Amino acid sequence: MTMKKFINKPENLTRELLEGLELSNPDIIKLTDTNLVVNKKLEETDRVTIVTLGGTGHEPALSGFVGDGMIDVSVPGDIFAAPGPGACIEAIKMADRGKGVLFVVLNHAGDMLTGNLTMKQAKKQGLNVLRVITQEDISNAPRENGDDRRGLVGCVPLYKIAAGAAKKGKSLEEVANIAQRFADNMATIAVACSGATHPATGMQISQLSDDEMEIGMGQHGEGGGGRMKMKSADETAQIMLEALLKDLDVKSGEKLMVIINGSGATTLMEQLIVYRKCHKYLESKGIEVVASVVDEILTVQEAGGFQMFIARMDDELLEYWNEPCKTPYLKK
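Residues numbered from 1 in each chain as written. Predicted model: local features only at pLDDT ≥ 70, side-chain atom pairs only at ≥ 80, totals over all residues. Heavy atoms only, no water.

(A) Local environment of the sheet that holds strand β8 (residues 212-215). One open sheet accounts for six strands, arranged β9-β8-β7-β12-β10-β11; its pairing is mixed. Since the sheet does not close on itself, it has two edges, and those belong to β9 (226-229) and β11 (288-295), each with one partner. Within the sheet, the average angular offset between the axes of one strand and its neighbour, ignoring direction, is 15°. In terms of strand pairing, strand β7 (residues 186-194) meets strand β12 (residues 304-313) through eight bridges, oriented antiparallel. Residue pairing in the sheet places alanine 192 in a bridge with glycine 305 of β12. Of the strands in this sheet, β7, β8, β9, β10 (255-262) and β12 touch helix α6 (residues 233-248), which is tilted by about 35° from β12. (Pairing = 2+ DSSP bridges. Helix = DSSP H or I, 4+ residues; strand = E, 2+ residues; numbered from the N terminus. Axes fitted to C-alpha atoms, helices over the stretch in contact; angles between N-to-C directions. Contact = heavy atoms within 4.5 Å.)

What follows is the structure, encoded as structure tokens:
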């Protein structure tokens, strides 16, 4: 199938999309010559700040969540590729307003390599930075092997909760501990019904037959081992939700955040129908949904499918989640 996308030269994709993001949100973010996306209120902040990194091609994540109350500096790589550690060190130095920096890294090979090198350089340079790794994909490793789990959409609510804690004046150690507590109590599983293409090369990332779906597919089309015939929204939602609840050992009486994240080609109509089933199923089990998002948050170009995310919540985490924020793609 021929790729059809409204782009210019493939080698200019990253810069042009970031320029578009800046030009459409001039009151919230600014773009540096080195492609760092920066919270426009950074210079006037007096709190712990947040830096993250990741490849482009997953819009609005990650740079679409830069702004007051979420990410302070995003370090974008090229399409589906991690940036280098030099850019991350630049971002950490820029972000630090005297209270230290929380560095959030998603568990993918390239991101982790850059993250590890960044932390080594930061230590040598005496920078005040702590790292939290998000690794909540339940499909490719058991919970006890968390280091083997991929980071999916869970990074986005984690940014929001960490930033909420920072706004409350928490120290770097406290913010990192709160973010880690949230990370330890979140879980995501994805389903795909059609693959994406790489926008720079036109290469098809994954292939599924017209009557197939795959539960557990990774962010970049990695196999999940759950290939099966297409099922209805309710059937799919229940399979995925039951797996998440089992992974986190959620009991009746607990409170959850639930996110349905569209992968790029799945309509909001479908996402809402899936969320409806999740909410009703949890209600039937005596589990309260206290926070939710249904939207495209972290996509894979035109991949068909969605990610289902849950996280165990308490009053403190909910307070941080409900703190005001203003970013290009999330405003509260």
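Back to the write-up after that little detour.
(B) Quick look at the side chain of asparagine 25. Looking at the secondary structure, you find asparagine 25 in the loop between α1 (13-24) and β1 (29-31). The exposure class of asparagine 25 is buried, given its relative accessible area of 9%. A distance of 3.0 Å separates the side chain of asparagine 25 from the side chain of serine 24, its partner in a polar contact. (Buried < 20%, exposed > 50% of the residue type's maximum accessible area, 1.4 Å probe, protein only. Polar contact = N/O pair within 3.5 Å; in protein donor to acceptor, adjacent residues only side chain to side chain.)

(C) Expanded view of the side chain of glutamate 254. Within the element layout of this structure, glutamate 254 appears in the loop between α6 and β10. At 2.7 Å, the side chain of glutamate 254 and the backbone nitrogen of lysine 251 are in polar contact.

(D) Layout of the sheet that holds strand β4 (residues 73-79). Taken together, six strands build an open sheet; the order of strands is β1-β2-β4-β3-β5-β6 and the sheet is mixed. Single-partner strands in this sheet number two, and they are β1 and β6 (129-134). Sheet twist, expressed as the average angle between the axes of neighbouring strands with direction ignored, equals 20°. Taken together, the four bridges between strand β3 (residues 49-56) and strand β5 (residues 101-106) define a ladder with parallel strand orientation. In the strand pairing of β5, threonine 52 is matched with valine 104. Here helix α5 (residues 172-184) sits on the sheet in contact with β5 and β6, set at roughly 5° to β6.

(E) Up close: the nonpolar core. Membership of the largest hydrophobic core comes to 51 residues, with the highest contact counts inside it found for Leu102, Tyr159, Ile161, Phe182 and Met257. Broken down by element, this core gets its largest block of residues, nine residues, from helix α4 (residues 155-167). In this view, tyrosine 159 contacts Ile50, Thr52, Leu62, Met70, Ile71, Val104 and Leu106; residues no more than four positions away in its chain are not counted. Counting residues in hydrophobic clusters, the runner-up holds 26 residues, among them Ile138, Val191, Leu248 and Val289. (Core = buried A, V, L, I, M, F, W, Y, C linked by side-chain atoms within 4.5 Å.)

(F) Seen up close, the packing of α6 against helix α7 (residues 268-284). Two numbers describe how α6 lies on α7: the axes approach to 9 Å, and their chain directions differ by 50°. Judged on the interaxial angle alone, α7 and α6 are oblique. Once α6 is placed against α7, the crossing between them reads as right-handed. Counting all contacts with α6, which are made through Ala233, Asp234, Ala237, Gln238, Leu241, Glu242 and Leu245, the residues of α7 involved are Ile273, Val274, Arg276, Lys277, Cys278, Tyr281 and Leu282. Class assignment of the residues belonging to the contact of α6 with α7 gives a composition of nine nonpolar, one polar and four charged. (Parallel < 35°, antiparallel > 145°, perpendicular 65-115°, else oblique. Left-handed = near helix turned anticlockwise from the far one by under 90°. Nonpolar A, V, L, I, M, F, W, Y, C, P; charged D, E, K, R; others polar.)

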